[in-house]
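# Notes for the structure review
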Amino acid sequence: MATGNIDSTNSMTTPLRPKRGVPEGLWQQCPGCQATIFGKTAELRLNTCPECDYHWYITAPERIRQVLDEGTFEEWDANLLSTDPLGFSDKKPYSERLVAERKRTGLRDAAITGTGMIRARRVAFGVTDSAFIMGSMGSVVGERLTRLVERATEQKLPLIIISGSGGGARMHEGILSLMQMAKVSAALANYHESGGLFISVLTNPTMGGVAASFASLGDLCFAEPKALIGFAGPRTIKATIRIELPKGFQTSEFLLEHGFIDRIVRRHDLKSEIARTIDYCGK
Ligand SMILES: [Zn+2]
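### A closer look at the coordination of the zinc ion
Distances from the zinc ion to its protein donors, Cys30 (SG), Cys33 (SG), Cys49 (SG) and Cys52 (SG), fall at 2.3 Å. Between the four donor atoms coordinating the zinc ion, the angles at the centre fall across 106 to 113°, so the site counts as tetrahedral. Judged by its relative accessible area of 0%, cysteine 30 is buried. Take cysteine 49: its relative accessible area is 0%, and that puts it in the buried class.

Pasting the structure below:
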């Protein structure tokens, strides 16, 4: 699965992450073209490769910095925290894993939601982050997003959600995790009914329950270039149906061609493109 890339790339932007290979900020190998890139050069380009335009993983707080007007973000529901309803334990107890993940990533769960301005237009804004337990959609992710959508409905705000997450259900929370897909989707149906504008932004990778619920329900779906987007990963599908998959299967470009997404937007253009779309839709 493409989430393997995340471990090797996010040391550049997540200072709490243990470092591997080259020292942080000096040189990075681009997963797109294998070129060795000076970290600072990529950083100045919003963490994209100067050679092939590969879009690196960036953290949720970094996405907020890139898309919202400086200092305008107000977080909602930051105090919602997962409990451990099943007393689940894999390599370590889930309750301990949550504490460790919070410390390692600086996040309180895999989604951040709130309100802010995009070129002076107020929006409801959510972003998920694959660094926190693979960006899985536990009850806190689902509840934060649902409340975000409900407030966007009440306050008649355009809704922007950037899916920066690998995103399956979080097995540690069992059925409580699984029902989040339906819950967020139902809130989005109400939002849609009320005439709201939902722009869903898909990034590398958007898979599993995230792709199968809110991320695919945008009135407009934007995607970053060459992102892996799908439900099950290509290797799983290939192993199941035993046929050769088409070239570029599950990439943004393939999905654009087949009508699953509306537009590929480079990271540099995302803020302007969202602002333009909000104006165009008269929201
Ligand atoms: Zn590259």
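Resuming the write-up.
### Regarding the nonpolar core
Phe125, Leu159, Ile160, Phe214 and Ile274 are the most contacted members of the largest nonpolar core, which totals 54 residues. Among the elements that line this core, the one with the most residues is helix H5 (residues 139-154), at five residues. When near neighbours in sequence (up to four residues on either side) are disregarded, isoleucine 274 contacts Val67, Ile118, Ile160, Ile199, Val201 and Phe222. With seven residues, the next largest nonpolar core counts Cys49, Cys52, Tyr54 and Trp56 among its residues.

### Focus on the environment of phenylalanine 231
For phenylalanine 231, the position within the fold is in the loop between strand S8 (220-223) and helix H8 (234-241). Taking relative accessible area as the criterion, phenylalanine 231 reaches 56% and is therefore assigned exposed. Residues phenylalanine 231 and glutamate 173 lie 58 residues apart in sequence; the distance between their C-alpha atoms is 20 Å. Beyond its immediate stretch of four places on either side in the chain, phenylalanine 231 contacts Met207, Gly208, Gly209, Ala212 and Gln250.

### Things to note about the side chain of glutamate 101
Note on placement: glutamate 101 falls in helix H4 (residues 94-105). Among the residues examined, glutamate 101 registers a relative accessible area of 10% and is labelled buried. Among the polar contacts listed, one links the side chain of glutamate 101 to the side chain of arginine 104, at a separation of 3.0 Å. Not counting the four nearest positions on each side in its chain, glutamate 101 is found in contact with Gly106, Ala131, Phe132 and Ile133.

### Details of unusual backbone geometry
In this model, asparagine 204 is joined to proline 205 through a cis peptide bond whose omega is -10°. Inspection of the secondary structure puts proline 205 in the loop between strand S7 (198-202) and helix H7 (208-211). One non-glycine residue with positive phi stands out, namely leucine 46, at about 60°. Looking at the secondary structure, you find leucine 46 in the loop between helix H2 (39-44) and helix H3 (60-67). With a relative accessible area of 27%, leucine 46 lands in the partly exposed category. Despite not being glycine, lysine 156 has its phi angle at roughly 50°, a positive value. Take lysine 156: it is sitting in the loop between H5 and strand S6 (159-164).

### Digging into the pattern of salt bridges
Side chains bearing opposite charge may pair, as long as their charged atoms lie close to each other. A full pass over the atoms with the stated rule returns 19 salt bridges. The salt bridge involving aspartate 53 is made with arginine 266; its shortest N-O contact spans 2.8 Å. Of this pair, aspartate 53 sits in the loop between H2 and H3 while arginine 266 is found in the loop between strand S9 (263-264) and helix H10 (270-280), placing the two residues 213 residues apart along the sequence. According to the relative accessible area criterion, aspartate 53 is buried, its value standing at 18%. Residue arginine 266 is classed as partly exposed on the basis of its relative accessible area of 31%. With a closest N to O distance of 2.4 Å, glutamate 273 and arginine 263 form a salt bridge.

### Some remarks on the environment of leucine 197
Take leucine 197: it is sitting in the loop between helix H6 (174-193) and S7. In sequence terms leucine 197 and cysteine 281 are 84 residues apart; their C-alpha atoms lie 7.7 Å from each other. For leucine 197, the contacting residues outside a window of four places in its chain are Pro158, Leu159, Tyr191, Asp219, Thr277, Ile278, Cys281 and Lys283.

Definitions and limits used
- Residues numbered from 1 in each chain as written.
- Predicted model: local features only at pLDDT ≥ 70, side-chain atom pairs only at ≥ 80, totals over all residues.
- Heavy atoms only, no water.
- Donors = N, O, S within 2.8 Å, 3.2 Å for Na, K, Ca; no water.
- Tetrahedral: all angles 85-135°; square planar, octahedral: opposite > 155°, others 65-115°.
- Buried < 20%, exposed > 50% of the residue type's maximum accessible area, 1.4 Å probe, protein only.
- Core = buried A, V, L, I, M, F, W, Y, C linked by side-chain atoms within 4.5 Å.
- Helix = DSSP H or I, 4+ residues; strand = E, 2+ residues; numbered from the N terminus.
- Contact = heavy atoms within 4.5 Å.
- Polar contact = N/O pair within 3.5 Å; in protein donor to acceptor, adjacent residues only side chain to side chain.
- Salt bridge = Lys/Arg side-chain N within 4 Å of Asp/Glu carboxyl O.

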